[in-house]
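# Commentary on secondary and tertiary structure
Spelled out, the chains give:
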Amino acid sequence: MEKIKIENVTKIFGKHVNSALKLVEQNKNKTEILKQSGATIGVNNANFTVNDGEIFVIMGLSGSGKSTLVRLLNRLIEPTSGNIYIDGDNISKMNKQQLIKVRREKMSMVFQNFGLFPQRTVLANTEYGLEIRGIPKEERRLKAEKALDNAGLLPYKDQYPSQLSGGMQQRVGLARALANDPDILLMDEAFSALDPLIRKDMQDELLDLQQKMQKTIIFITHDLNEALRIGDRIALMKDGEIIQIGTGEEILTNPANDYVKTFLEDVDRSKVLTVENAMIRPISINIDIDGPKVALQRMREEEVSVVLAVNKTREFKGYITAEDALQASKTGEINLVNYLRTDMPTVAKEMYIQDVLSIISDSKTPVAVVQERKLVGVLIRGVVIETLSASVENEGVSDYVPAT
Amino acid sequence: MSQLLDLIPTIPVAEGAEIVMDWLTDTFAGLFGVIKESGKFSMEFVTDFLVSIPPFLFILIIGVLAFFATKRKFGLAIFSIVGLLFIYNQGLWEELMNTITLVLFASILAVIIGIPLGILMSKSKMAEATIQPILDFMQTMPGFVYLIPSVAFFGIGVVPGVFASIIFALPPVVRFTNLGIRQVPKELVEAADSYGSTGWQKLYKVELPIARSTIMAGVNQTVLLSLSMVVIASMIGAPGIGRNVLSALQQANVGNGFVAGLSLVILAIIFDRLTQSFNKKHD
Ligand SMILES: Nc1ncnc2c1ncn2[C@@H]1O[C@H](COP(=O)(O)OP(=O)(O)OP(=O)(O)O)[C@@H](O)[C@H]1O
Ligand SMILES: [Mg+2]
């Protein structure tokens, strides 16, 4: 079923809007219009529909008009011309009251830099949408607490946003959006400010959530991998125009034009899987402090037979095996320095997976990912292979991108 | 060349200003009278009340307030107590209370007028374009000049003193309110809008709380500016320590001038630190 429909929507910034609009009608492009009229095109004659329960990804380079397009949907930016329908109602023709009602009940937005109010606690932030609708205190508290609980953040409800990590802040942003129980989520580069490991977690969480809740999600990103991972359909933008819309598969196998092709290549060359894409969080102990008991406890808890060893400042020192830790524990040692093994290979997180594959397969141990001597991740053979096969499967990129 | 210039007759700006003033004074005479009487009445009431508090108790209250306002540090508390004792000791207690009343009235009224003006400026480009030059004008005009319309409207006494102080002290709070609201990060304004806030909800739930510390910096400056008008206001009969400074000046009495000046400095420091600490408290 059709949830959102965009019909000939154009946004022009700056002066001389009318003369620019005429040029849009003549199918002129952004550069020509800027040259001839001095106006900047934000979105150039966009047409598409989004179905109920779909994750619709909008992708494009910086300045291509993604943020503008998503803000036209809730009219944070007024369209210059065209129609925007949500559930058949024309948003672009609504008066202020009607628009406020739609914003309160139908859609919530999640922001790149989280958009949390600094003077409000996590709970008060989550309550915001309900509060301005005038929902009674008790009821909105319950709803907000439930949303926070689903995000695993209930224990932090009385903290302030600045006290949380980026990933947690964005979970609050998402909880705030969901507390409203909207049909539509607008997410403008919602995960772009997060570091790669957390970003992946958040993508998984979003997909889980989508399975349970079936929202209609407009998700903006400039990261191809992210788009492929979460998008049911992807729209590709360039200079305010929508160049191609389709599933990831369709876009990859059948790029609409040379621009799409180069875009994919561009993205691809830089985004070919790096160590960072495949590494997982290391299970480590602090060799300066932790003894055999702690090491064994960590291994038991995480179900592994090796822990990595770091010092106070998280510099990578080596690893400890379970047998050694057991031995040390039996002989009553409280320090593991004598059992530290140092024959674990290290790689940098920027290296391409294909360049480190041989290191991984030759090594008897996992491979440590080290940045400025600090431990940032670990490569485990199983996970690396899984990541590689997953990316081949849903990207199929190597088929037509010439290997460089 | 200069002869040529002299051919142009003097443009009657002064006469014009006078005509406008006369018109205002005549037209609003009734209104000004009411303001003057009620202003005078309420200010005398407050001063009488302040004077009726035993000085010892008053000093203690300020000391305790300073102690808690500065997160339980002794510095400002001790300074306030010693400073106020000094002023009492110099026989300036009643003058001090008059000055405090004048500063309180002027700054509270300036804040009441200034914050809404600042909000208006932040919301409307046109309001900003109109008010901005007026503020520039107000800030560059020497404080003395405000005495003239004040006297014309209200005669002499404490009310015209407050009036002149308000005009003089108004610009910072207006400017800082405008600035503070305009500095609220765009994403937060968008967040407020995207959840369907009305204009008022956005203002008092998001913008004002975020702009708060900037606005308070403006309030602090406004308080200090109105304090600095105390001496000038005493030229048109406003009571208080300013009058002691003025008479010391007229009699070239260095000693009295020094004592009165020092008292004003002490008061200024207490006002300054107290308003600043209210700002920091909730961060
Ligand atoms: N308020 C504005 N006034 C004038 N021009 C604007 C405004 N907002 C956006 N633009 C212009 O519109 C175009 C599209 O901008 P937009 O922010 O939508 O791009 P984007 O795809 O979101 O880019 P990014 O990936 O950098 O976020 C750009 O050329 C930009 O300069
Ligand atoms: Mg953007």
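Residues numbered from 1 in each chain as written. Chains lettered and ligands numbered in written order. Predicted model: local features only at pLDDT ≥ 70, side-chain atom pairs only at ≥ 80, totals over all residues. Heavy atoms only, no water.

All names here are of chain B. It is the contact of helix 6 (residues 93-123) with helix 7 (residues 125-140), at a shortest axis distance of 6 Å, that shows an interaxial angle of 130 degrees. The pairing of helix 6 with helix 7 is recorded here as oblique in orientation. In this structure, helix 6 contributes Leu117, Leu120, Met121 and Lys123 to the contact, and helix 7 contributes Lys125, Ala127, Glu128, Ile131, Gln132 and Leu135. For the contact of helix 6 with helix 7, the class distribution of residues is six nonpolar, one polar and three charged. (Axes fitted to C-alpha atoms, helices over the stretch in contact; angles between N-to-C directions. Helix = DSSP H or I, 4+ residues; strand = E, 2+ residues; numbered from the N terminus. Parallel < 35°, antiparallel > 145°, perpendicular 65-115°, else oblique. Contact = heavy atoms within 4.5 Å. Nonpolar A, V, L, I, M, F, W, Y, C, P; charged D, E, K, R; others polar.)

All names here are of chain A. Pairing within the open sheet is antiparallel, and its four strands lie in the order 2-1-4-5. Only two strands of the sheet have a single neighbouring strand rather than two, namely strand 2 (40-51) and strand 5 (89-90). Direction of pairing for strand 1 (residues 2-13) relative to strand 2: antiparallel, over a ladder of eight bridges. Following the sheet pairing, Ile6 is matched in strand 2 by Phe48. (Pairing = 2+ DSSP bridges.)

Glancing now at a negative patch on the surface. All names here are of chain B. A surface patch of like charges, here negative, comprises Glu15, Glu18, Asp22 and Asp26. Tracing the chain through its elements places Asp26 in helix 2 (residues 13-27). By relative accessible area, which is 62% here, Asp26 ends up exposed. (Patch = residues over 30% accessible without salt bridge, like charges linked within 9 Å, V, L, I, M, F, W, Y side chains within 5 Å. Areas by Shrake-Rupley, 256 points an atom, 1.4 Å probe, with all protein chains shown as cover. Salt bridge = Lys/Arg side-chain N within 4 Å of Asp/Glu carboxyl O. Lys, Arg positive; Asp, Glu negative; His and termini not counted. Charge placed at Lys NZ, Arg CZ, Asp CG, Glu CD. Buried < 20%, exposed > 50% of the residue type's maximum accessible area, 1.4 Å probe, protein only.)

Time to look at the domain arrangement of chain A. Often the size quoted for an interface is simply the accessible area lost on bringing the parts together. Residues and elements named next belong to chain A. The assigned domain composition of chain A is domain 1 (2-106 + 182-267) and domain 2 (275-399). For domain 1 versus domain 2, the separation of C-alpha centres amounts to 41 Å. The partner domain 2 presents ten residues to the nine residues of domain 1 that form the contact. For the pair domain 1 and domain 2, the summed buried surface comes to about 750 Å²; carbon and sulfur atoms form 48% of the total. The tally of links between domain 1 and domain 2 comes to one salt bridge. Residue Asp201 is joined to Arg281 by a salt bridge in which the shortest nitrogen-to-oxygen separation is 3.5 Å. Across the contact surface, domain 1 and domain 2 share one residue pair in polar contact (both at pLDDT 80 or more). Elements that contribute at least two residues to the side of domain 1 that touches domain 2 include exactly helix 8 (196-213), helix 9 (224-230) and helix 10 (248-253). Looking at the side of domain 1 that touches domain 2, the element that brings in the most residues is helix 8, giving five residues. (Domains from an automatic or database assignment. Buried area = accessible area lost by both parts, 1.4 Å probe. Polar contact = N/O pair within 3.5 Å; in protein donor to acceptor, adjacent residues only side chain to side chain.)

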